[in-house]
Amino acid sequence: MSSVRFVAIGDSFTEGVGDELPDGTVRGWADLVAEGWANASGAPVEYANLAIRGKLVWPIVDEQLEPALALKPTHLSFNGGGNDMLRPRTSIAAIVEAFDRVRLRCAQEGVQLILLSGANPSGQLPLGRLVRQRGDVLSVAVVERFSAHSDVLRALNWPDRELATPPYWSEDRLHMNARGHHRVAARVLSTLGFEPPAAWWSLPELAPTGARGAAYYREHVAPWVRRRLSRTSSGDGRMPKFAEWVTIAPGSDV
């Protein structure tokens, strides 16, 4: 087994939604990090990804953290709270406590925690101002809670103003596109001490796609509202894409 065992937990941000491959599967920044890590180190990386789209932060912790730790990883990445930010009632304190639970359990198990903040989609979202305000408060609160824990690796994407601009986002305006996921992957690799491919920071812009005006609300906003009213999630019934270790060899694609 490789000396590096990297497991990612979270929601759609970590699952890779928005970075769809031709066969319809999603890739995303965590897959790219595993690939870039193996290439930069010249050694294979064992990789697992337990993230499920649509998850609130505490279900991520309750359902994914212990199974991830049971894999005996050397490194664990965590992000959550993005879906909480979209709910009418959101407790910032409760989200921060979830982050702290992950930190504590990783410390107890001797696992290197890689802490991420999500990117900021608010510039192009309905009710974007509210999302931005909540995200700003959460970002500050998490940084303050972790200020005394210098051992935690940080890859903070919320303050990245370039990443917040429309060319990094998919047609639903809520999930990053391939360009956005590559930029996040570059930041994580830099946090790990590797030089990412320079192009990953800002791939060429993609051609604009997706519905506009009323069509956007029909295609993307209305289904989200229906899920809220029916208390269902886009992740219901989904299984992790990499629930067990997969070996990423140098020069291979995820």
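As shown above, the structure is provided for reference.
Residues numbered from 1 in each chain as written. Predicted model: local features only at pLDDT ≥ 70, side-chain atom pairs only at ≥ 80, totals over all residues. Heavy atoms only, no water.

*Asks:* Quick question: what am I supposed to make of the pattern of salt bridges here?
*Replies:* For side chains bearing opposite charge, pairing can occur when the charged atoms are close. Taken as a whole and judged by the stated rule, the model has 12 salt bridges. Ionic pairing is found between Arg-53 and Glu-15, a salt bridge with its closest N-O pair at 2.8 Å. Of this pair, Arg-53 sits in the loop between β2 (45-49) and α3 (57-70) while Glu-15 sits in helix α1 (residues 12-15), and the two are 38 residues apart along the sequence. Each member of the pair, Arg-53 as well as Glu-15, carries the same accessibility label: buried. The partner of Arg-105 in a salt bridge is Glu-109, and the shortest N-O contact between them spans 3.2 Å. Here Arg-105 and its partner Glu-109 are both found in helix α5 (residues 92-109), 4 residues apart, which amounts to about one turn of the helix. Overall, the relative accessible area of 17% leaves Arg-105 in the buried class. One network of salt bridges, in which partners are shared, links Glu-97, Asp-100, Arg-103 and Arg-145. (Salt bridge = Lys/Arg side-chain N within 4 Å of Asp/Glu carboxyl O. Helix = DSSP H or I, 4+ residues; strand = E, 2+ residues; numbered from the N terminus. Buried < 20%, exposed > 50% of the residue type's maximum accessible area, 1.4 Å probe, protein only.)

*Asks:* Got a minute to help me understand the packing of aromatic side chains in this structure?
*Replies:* For the structure on display, the rule yields 6 aromatic pairs. Where Trp-37 meets Phe-194, the ring centres are 6.4 Å apart and the plane angle is 50 degrees; that geometry is what we call tilted. Placement of Trp-37 in helix α2 (residues 29-41) and of Phe-194 in the loop between α7 (178-191) and α8 (213-230) is noted, with a sequence separation of 157 residues between them. For Phe-194, a relative accessible area of 23% puts it in the partly exposed group. (Phe/Tyr/Trp six-rings, centres within 6.5 Å; stacked < 30°, edge-to-face > 60°.)

*Asks:* What is the right way to look at α2 in this model?
*Replies:* Think of an α-helix as turning once every 3.6 residues; residues three or four places apart then point the same way. For α2, spanning 13 residues, the distance from its first C-alpha to its last is 18 Å, which sits close to the expected 18 Å at 1.5 Å a residue. Burial in α2 covers these residues: Trp-29, Ala-30, Asp-31, Leu-32, Val-33, Ala-34, Glu-35, Gly-36, Trp-37 and Ala-38. (Expected span 1.5 Å × (residues − 1).)

*Asks:* Can you help me understand the sheet that holds strand β1 (residues 5-9) in this one?
*Replies:* Hydrogen bonds between backbone atoms are what pair the strands of a sheet, whose relative direction is either parallel or antiparallel. Here 6 strands make up an open sheet; going across it, the order is β5-β4-β3-β1-β2-β6 and the pairing mixed. The open sheet has two edge strands, β5 (153-156) and β6 (242-248), and neither has a second partner. Going across the sheet, the axis of each strand differs from the next one's by a mean of 20 degrees, ignoring polarity. The pairing of β1 with β2 spans 4 bridges and is classified as parallel. In the strand pairing of β2, Val-7 is matched with Ala-48. Strands in contact with α2 are β1, β2, β3 (75-78), β4 (112-117) and β6; relative to β2, the strand with the most contacts, it is inclined by about 175 degrees. (Pairing = 2+ DSSP bridges. Axes fitted to C-alpha atoms, helices over the stretch in contact; angles between N-to-C directions. Contact = heavy atoms within 4.5 Å.)

*Asks:* Explain the pairing of β1 here, please?
*Replies:* Most of β1 sits inside the fold, with 5 of its 5 residues counted as buried. Where burial is concerned, the two faces of β1 agree: the one with Arg-5, Val-7 and Ile-9 and the one with Phe-6 and Ala-8 are both buried. Bridging between β1 and β3 involves 4 bridges; their strand directions are parallel. Each bridged residue has a counterpart across the sheet, and for Ile-9 the counterpart in β3 is Phe-78.

*Asks:* What am I meant to see in helix α6 (residues 128-145) here?
*Replies:* With 18 residues, α6 extends 25 Å between its outermost C-alpha atoms, agreeing within 8% with the 26 Å of an ideal straight helix rising 1.5 Å per residue. Residues of α6 that are buried in the fold lie against α4 (82-85), α5 and β4.

*Asks:* What exactly am I supposed to notice about the packing of α5 against α6 here?
*Replies:* What describes two packed helices is the angle between their axes and the distance between those same axes. At a closest axis distance of 10 Å, the pairing of α5 and α6 adopts a crossing angle of 40 degrees. Taken together, the axes of α5 and α6 lie oblique to each other. In the crossing of α5 with α6, the sense of the turn from one axis to the other is right-handed. On α6, the residues that touch Ile-92, Ile-95, Val-96, Glu-97, Phe-99 and Asp-100 of α5 are Arg-134, Val-137, Leu-138, Ala-141, Val-142 and Arg-145. Classifying every residue of the contact of α5 with α6 gives 8 nonpolar, no polar and 4 charged. (Parallel < 35°, antiparallel > 145°, perpendicular 65-115°, else oblique. Left-handed = near helix turned anticlockwise from the far one by under 90°. Nonpolar A, V, L, I, M, F, W, Y, C, P; charged D, E, K, R; others polar.)

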